[in-house]
Amino acid sequence: MLDGNLDSRAERLNGRYRHHAAIDVLRRAVSDPELGRVALVSSFGAESVVLLHMVSVVAPGLPVLFIDTQMLFPETLDYQREVSARLGLTDVRVIRASEAEVARHDPDGTLHRFDTDACCDFRKTVPLERALSGFDAWITGRKRFQGGQRTELEFFEPEPPLRLRVNPLAHWRASDVQDYMIENNLPRHPLVAKGYPSIGCAPCTSPVKPGEDPRSGRWRGSDKTECGIHFIGGRMVRGKVTA
Ligand code: SF4
């Protein structure tokens, strides 16, 4: 891991790249020594192809971490393979809980029905933390327009105790995402056309009606809004917190 205070490193990086476009932030992030070892974490969801395409342009060999919860839609697994091949991404790493972990925590695959936090924890958070232990920074697709604590999102933010997060699309609007996909003729996740503007695991994602919040189909009927793979103060964030 790199030495130095995380907050001051994030501040310096934000100052250095404040006026850069998203792809320039990404290009510099993968080569700036102040970032160290960097990976992209992607769900291969509804909007993921934007960052994946940018990575294919600036650094197609960058490690891409894809969390297979083993509860995903088959369409997501197909889309992951199709997009990776089409974009020429050469280091896509599929991250998942081990067979032993599944047998210990969720032997009959029903944990999501009565404890979604525990299910997300062992299927997403723990495998991701394990995979990220070899990196100094990770790239996310979070954006300010998504609301909550994301409204103040910067390009670079500290993730104590040791890592930085990079948010190249922080300043993008929803229309920028759509425009980018159209202009670059990028393949869409097949479930978007079937009413899923935000796509997670099959048991916890439902279609969204016109006018509803795009994320309202995630854990519908519960107060859970995030899977817990974001961290504040080095601790996993649960519930309504959306950092
Ligand atoms: S989204 Fe649902 S199925 Fe997927 S890991 Fe979380 S609780 Fe389990």
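Residues numbered from 1 in each chain as written. Predicted model: local features only at pLDDT ≥ 70, side-chain atom pairs only at ≥ 80, totals over all residues. Heavy atoms only, no water.

## With respect to the site of the ligand
This is how it is decided: Definition of nearness: a residue and a molecule or strand are near each other if at least one heavy atom of the residue lies within 4 Å of the molecule or strand. We count a stretch as a helix when DSSP gives it H or I for four or more residues in a row; a strand needs E for two or more, and each element gets its number in order from the N terminus. Three classes are used, and their members are as follows: Ala, Val, Leu, Ile, Met, Phe, Trp, Tyr, Cys and Pro are nonpolar, Asp, Glu, Lys and Arg are charged, and the others, Gly among them, are polar.
Surveying the vicinity of the ligand reveals 10 residues, the closest of which are Thr 116, Cys 119, Cys 120, Cys 201 and Cys 204. In terms of residue count, helix α7 (residues 116-132) provides more of the shell around the ligand than any other element does, five residues in total. A class-by-class count of the residues in the shell around the ligand yields six nonpolar, two polar and two charged.

## Some details on the confidence of the model for the protein
The condition that has to hold: Along the chain, pLDDT gives the predictor's confidence residue by residue, from 0 to 100. Residue contacts are counted whenever heavy atoms from the two residues lie within 4.5 Å of one another.
Averaged over every residue, the pLDDT of the protein is 88; residues scoring 70 or more account for 87%. Residue range residues 231-243 is modelled with pLDDT below 50. Its contacts to residues more than four positions away, or to other chains, number 40 contacts.

## Some points on the UniProt feature "binding site: [4Fe-4S] cluster" (unreviewed entry) in the protein
To keep it simple, the criterion reads: UniProt positions are given in the numbering used here, feature names are shortened, and annotations may be inferred rather than shown by experiment. Throughout this description, buried means an accessible area under 20% of the type-specific maximum (1.4 Å probe, protein chains only), exposed means over 50%, and partly exposed covers the range between.
When the UniProt feature table is mapped onto this chain, "binding site: [4Fe-4S] cluster" (unreviewed entry) is found at Cys 119, Cys 120, Cys 201 and Cys 204. The annotated residues occupy 86 residues of the chain but converge on a single region, no pair of C-alpha atoms lying more than 11.0 Å apart. Note on placement: Cys 119 falls in helix α7. Looking at Cys 119, the relative accessible area reads 7%, which means it is buried. When near neighbours in sequence (up to four residues on either side) are disregarded, Cys 119 contacts Asp 106, Leu 111, His 112 and Lys 124. Along the chain, the position of Cys 204 falls in the loop between α8 (174-183) and β7 (231-232).

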